[in-house]
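# Examining the three-dimensional arrangement
Each chain, written out:
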Amino acid sequence: MTYNPPPHYSLGDGEPQQPQSAPPGYSQPQSAPPAYSPAAQPAAPGYVPTQPVPMQPGFSQPLTQPLLAPGPPPQRRSAMVPVLAVVAVIGFAGAALSLALWLRTSGDLDDVSAQIEDREAEIAQLQEDLEAAETQVGDLEVQAADAESMRACLDDLNWYYATEAESEEEAQAELALQESCATWLW
């Protein structure tokens, strides 16, 4: 059995060397690439050129082999693929809906928080106003008590001067006058 080495190419030093012996049906490759011509283009897009394969020992005819080997036969898809696709779509839709609701709720929460802060500020202002009003009411109650006390004093004073001198009624009016006018006159 003899091995035929590939042809040797020269870079201009002389003639290319030919292999020692070529088996029958084997054609020698060209030393230069073929020239481009528009007529040499394949007619159909699925065209796969073939090249001859040298004879192997034990074979009587040369074999042709396509340049691109066909892939493995397509495998049958599982029945779970459509089910998983539907589950994935439902999951993505649920996630998108959850995100939208969360964003809406988050915005509502911000609005409610702002309203609560406004209400708390109003409540604080109302408490300050209430304390001021209670202070005013206390002052007014003192003034009202003073006015009532003064009125009782004036009434007793009128009663004292309206009675006869040296009478029993004058003595009673004088006692009432001393009691009601103690803070005003004495």
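Figured I'd write up the structure that's included with this text. (Residues numbered from 1 in each chain as written. Predicted model: local features only at pLDDT ≥ 70, side-chain atom pairs only at ≥ 80, totals over all residues. Heavy atoms only, no water.)

Moving on to unusual backbone geometry. A positive phi angle is found at Glu166, which is not glycine, with a value near 60°. Mapping Glu166 onto the fold places it in the loop between helix H1 (80-162) and helix H2 (168-180). (Helix = DSSP H or I, 4+ residues; strand = E, 2+ residues; numbered from the N terminus.)

Attention shifts here to the state of the cysteines. In the structure shown here, the tally under the stated rule is one disulfide. Each sulfur of the disulfide joining Cys153 and Cys181 lies 1.5 Å from the other. Classification of the bridge connecting Cys153 and Cys181 rests on its S-S torsion, roughly 115°, and on that basis the disulfide is right-handed. Taken together, the positions of Cys153 in helix H1 and Cys181 in the segment after H2 put the pair 28 residues apart, joining distant regions of the chain. A single burial state applies to Cys153 and to Cys181, both of which are buried. (Disulfide = S-S within 2.5 Å. Buried < 20%, exposed > 50% of the residue type's maximum accessible area, 1.4 Å probe, protein only.)

Contact geometry for H1 and H2: axes closest at 8 Å, N-to-C directions at 160°. Between H1 and H2, the angle falls in the class roughly antiparallel. Regarding H1 and H2, the two cross each other, and that crossing is left-handed. Where H1 approaches H2, its residues Ser149, Ala152, Cys153, Asp156, Leu157, Trp159 and Tyr160 are matched on the opposing element by Glu169, Glu170, Gln172, Ala173, Glu174, Ala176, Leu177 and Ser180. (Axes fitted to C-alpha atoms, helices over the stretch in contact; angles between N-to-C directions. Parallel < 35°, antiparallel > 145°, perpendicular 65-115°, else oblique. Left-handed = near helix turned anticlockwise from the far one by under 90°. Contact = heavy atoms within 4.5 Å.)

Moving on to the packing of aromatic side chains. The full count for this structure, using the stated rule, is one aromatic pair. Here Tyr160 and Tyr161 contribute two aromatic rings whose centre-to-centre distance is 5.5 Å and whose plane-to-plane angle is 75°, an arrangement assigned as edge-to-face. Overall, the relative accessible area of 63% leaves Tyr161 in the exposed class. (Phe/Tyr/Trp six-rings, centres within 6.5 Å; stacked < 30°, edge-to-face > 60°.)

Across its 13 residues, H2 extends 19 Å between first and last C-alpha, which sits within 8% of the 18 Å expected from 1.5 Å per residue. Within H2 the residues assigned to the buried category are Glu170, Ala173, Leu177 and Ser180. In an axial view of H2, the angular spread of the buried residues amounts to 95°, which keeps them on one side of the axis. Turned more than 90 degrees off the buried face of H2, the exposed positions are Glu168, Leu175 and Glu179. Those residues of H2 that are buried are in contact with H1. (Expected span 1.5 Å × (residues − 1). Arc of directions from axis to C-beta.)

Before going further, it helps to examine a nonpolar patch on the surface. On the surface, Met80, Val83, Leu84 and Val87 cluster together into a nonpolar patch covering about 380 Å² of accessible area. Tracing the sequence through the fold places Leu84 in helix H1. Note on Leu84: relative accessible area 52%, which makes it exposed. (Patch = residues over 30% accessible without salt bridge, like charges linked within 9 Å, V, L, I, M, F, W, Y side chains within 5 Å. Areas by Shrake-Rupley, 256 points an atom, 1.4 Å probe, with all protein chains shown as cover. Salt bridge = Lys/Arg side-chain N within 4 Å of Asp/Glu carboxyl O.)

Tallying each qualifying case throughout the model produces one salt bridge. Its salt-bridge partner being Arg119, residue Glu122 comes within 3.6 Å of it at the nearest N-O pair. Residue Glu122 and its partner Arg119 are located together in helix H1, separated by three residues, close to a single helical turn. The partly exposed category is assigned to Glu122, whose relative accessible area is 42%.

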